[in-house]
Amino acid sequence: SQTIHQWPATLVQPVGSPLSLECTVEGTSNPNLYWYRQAAGRGLQLLFYSVGIGQISSEVPQNLSASRPQDRQFILSSKKLLLSDSGFYLCAWGRGPLSTDTQYFGPGTRLTVL
Amino acid sequence: GIQVEQSPPDLILQEGANSTLRCNFSDSVNNLQWFHQNPWGQLINLFYIPSGTKQNGRLSATTVATERYSLLYISSSQTTDSGVYFCAVVGSGAGSYQLTFGKGTKLSVIP
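Calculation notes
- Residue numbers run consecutively from 1 along every chain, following the written order of its sequence.
- Think of it this way: whatever chain is written first is A, whatever ligand is written first is 1, and the rest follow in order.
- Selection of residues for local features in this predicted model requires a pLDDT of at least 70, selection of side-chain atom pairs for listing and counting requires 80 or more, and totals for whole chains, interfaces and linings are taken over all residues.
- To obtain the side-chain values, all non-hydrogen atoms of the structure were used and water was disregarded.
- The set of buried Ala, Val, Leu, Ile, Met, Phe, Trp, Tyr and Cys residues whose side-chain atoms join them within 4.5 Å is what this entry labels a nonpolar core.
- Per-residue accessibility, obtained with a 1.4 Å probe over protein chains only, is compared with the maximum for each type, and a residue is labelled buried under 20%, exposed over 50%, and partly exposed between these values.
- Helix and strand assignments come from DSSP, with helices taken as H or I runs of at least 4 residues and strands as E runs of at least 2, each series counted from the N terminus.
- Between rings of Phe, Tyr and Trp, where Trp is taken as its six-membered ring, a pair exists when centres lie within 6.5 Å; planes separated by under 30 degrees are stacked, by over 60 edge-to-face, and by other angles tilted.
- Each ring is checked for a lysine NZ or an arginine CZ that lies within 6 Å of its centre and within 35 degrees of its normal; such an atom marks a charge sitting over the ring.
- Contacts are assigned to residue pairs with any non-hydrogen atoms lying within 4.5 Å of each other.
- When two parts are brought into contact, each loses some accessible area as probed by a 1.4 Å sphere; the total of that loss over both is the buried area.
- Only one rule defines a salt bridge in this text: a Lys or Arg side-chain nitrogen within 4 Å of an Asp or Glu carboxyl oxygen.
- Residues are sorted three ways: Asp, Glu, Lys and Arg are charged, Ala, Val, Leu, Ile, Met, Phe, Trp, Tyr, Cys and Pro are nonpolar, and all the rest, Gly among them, are polar.
- Being paired, for any two strands, means DSSP has found at least two bridges between them.
- Orientation is described by axes fitted as lines to C-alpha atoms, over the contacting stretch for helices, and by angles from 0 to 180 degrees between their N-to-C directions.

Engineer: Looking at this structure, how should I read the nonpolar core?
Structural biologist: Core analysis: the largest hydrophobic core is formed by 22 residues, its most contacted members being B:W34, B:L72 and B:V89. Those elements that provide at least two residues to this core are β2 (10-14), β3 (19-25), β4 (29-37), β5 (43-48), β7 (59-64), β8 (69-74), β9 (83-91) and β11 (105-110) of chain B. The next biggest cluster of nonpolar side chains, apart from the first, holds 20 residues, and it includes A:L19, A:L21, A:L33 and A:L76.

Next up, the structure:
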């Protein structure tokens, strides 16, 4: 069966510090991978998605970047965090065409920027 | 882009009661999913249901694509059903691929 992992689970970082969040998927190959952010407990916003190694599409101009160095690894990064980057970050995977993809979510990383 | 509205925004139920959550969307869809976010934040996939009816235990869902709405039924609710229920869709327009989420229905089941 497929499993999706995210770490760390929680993170408290000062403004201006760098960020690296990692997501890995087990039990499948060539998945679609997604990064979402959830602010204030409701509503998810798609940040990035990837259909293959090195292929990243960004949905929202922001202070964040994403990379996919391996087939089942998806990394969310920032060079300098802003207060507005605080939130709950969720990684998801899927296997189908993007428009009909059933997405499965990881446990999330709760980021607080002080 | 496509709009997704969920109702009610908040719902309090006595354990054992039944409930219906509604999701309206503004355009035709290729993809509709229902999720449950538990108090720890984990998003759990309940149904992939762009049309038709599905059932899984005490939960069932119906999507009437022609009328642009979906319903999630919870029967004999339990305290573990508490959390936020999200509906998410992908519009069927050319080039559409992004899963757009509603704002959710927060369900509290009290013993």
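Engineer: How should the packing of aromatic side chains be read in this particular structure?
Structural biologist: What characterises a pair of aromatic rings is the spacing of the ring centres plus the angle enclosed by the ring planes. With the rule as written, the count across this model stands at 9 aromatic pairs over all chains. Between A:F105 and B:F101 the ring centres are 6.2 Å apart and the planes differ by 80°, which places this aromatic pair in the edge-to-face class. Of this pair, A:F105 sits in strand β10 (residues 104-105) while B:F101 sits in strand β10 (residues 100-101), each in a different chain. By the burial criterion, A:F105 is buried, and B:F101 matches it. One aromatic cluster is present, built from ring pairs that chain together A:Y34, A:Y36, A:F105, B:F35, B:F86 and B:F101. Here the basic side chain of A:R110 rests over the ring of A:F88, its NZ or CZ set 4.1 Å away from the ring centre.

Engineer: Please clarify how the interface of chain B and chain A should be interpreted in this entry.
Structural biologist: Interface size is often expressed as the accessible area that is lost when the parts come together. Listed by partner, the interface residues are 24 residues for chain B and 22 residues for chain A. For the pairing of chain B and chain A, the buried interface totals around 1,800 Å² over both sides, and the portion due to carbon and sulfur atoms is 50%. Taken as a group, B:L43, B:Y97 and B:F101 account for 29% of the area that chain B buries against chain A, more than any other trio of residues on that side. At the junction of chain B and chain A, the tally comes to 0 salt bridges. Mapped onto the side of chain B that touches chain A, the elements with two or more residues apiece are β4, β5 and β9 of chain B. A total of 5 residues in the side of chain B that touches chain A trace back to one element, the largest contributor, which is β4(B). A breakdown of the residues in the side of chain B that touches chain A according to their chemical character gives 10 nonpolar, 11 polar and 3 charged.

Engineer: What should I look at first to understand unusual backbone geometry in this one?
Structural biologist: Among all residues save glycine, negative phi is the norm, and among peptide bonds the norm is trans. The step from A:W7 to A:P8 runs through a cis peptide bond, and the omega angle for that step is 0°. The omega angle of the peptide bond from B:S7 to B:P8 is -10°, so this bond is cis rather than trans. With respect to the secondary-structure elements, B:P8 resides in the loop between β1 (4-7) and β2. For A:N30, which is not glycine, the phi torsion reads 50° and is therefore positive. Here A:N30 shows up in the loop between β3 (19-26) and β4 (32-39). Taking relative accessible area as the criterion, A:N30 reaches 48% and is therefore assigned partly exposed. The residue B:R68 is not glycine, and still its phi comes out positive at about 60°. Note on placement: B:R68 falls in the loop between β7 and β8.

Engineer: I would appreciate a short explanation of the sheet that holds β7(B) in the present structure.
Structural biologist: Think of a sheet as strands paired side by side through backbone hydrogen bonds, with each pair either parallel or antiparallel. All names here are of chain B. Strand order across the open sheet formed by 5 strands is β1-β3-β8-β7-β6, with antiparallel pairing between neighbours. The open sheet is flanked by β1 and β6 (52-56), the only strands paired with a single partner. If you compare each strand with its neighbour and ignore which way they point, the axes differ by 15° on average. In the sheet, β1 pairs with β3 via 4 bridges, with the strands oriented antiparallel. Counted as the bridge partner of E5 is N24 from β3.

Engineer: What exactly am I supposed to notice about the environment of A:L98 here?
Structural biologist: Residue position: A:L98 is located in the loop between β9 (87-94) and β10. The exposure class of A:L98 is buried, given its relative accessible area of 19%. If we skip the residues at most four places from it in the chain, A:L98 touches A:N32, A:Y34, A:Y49, A:V51 and B:Y97.

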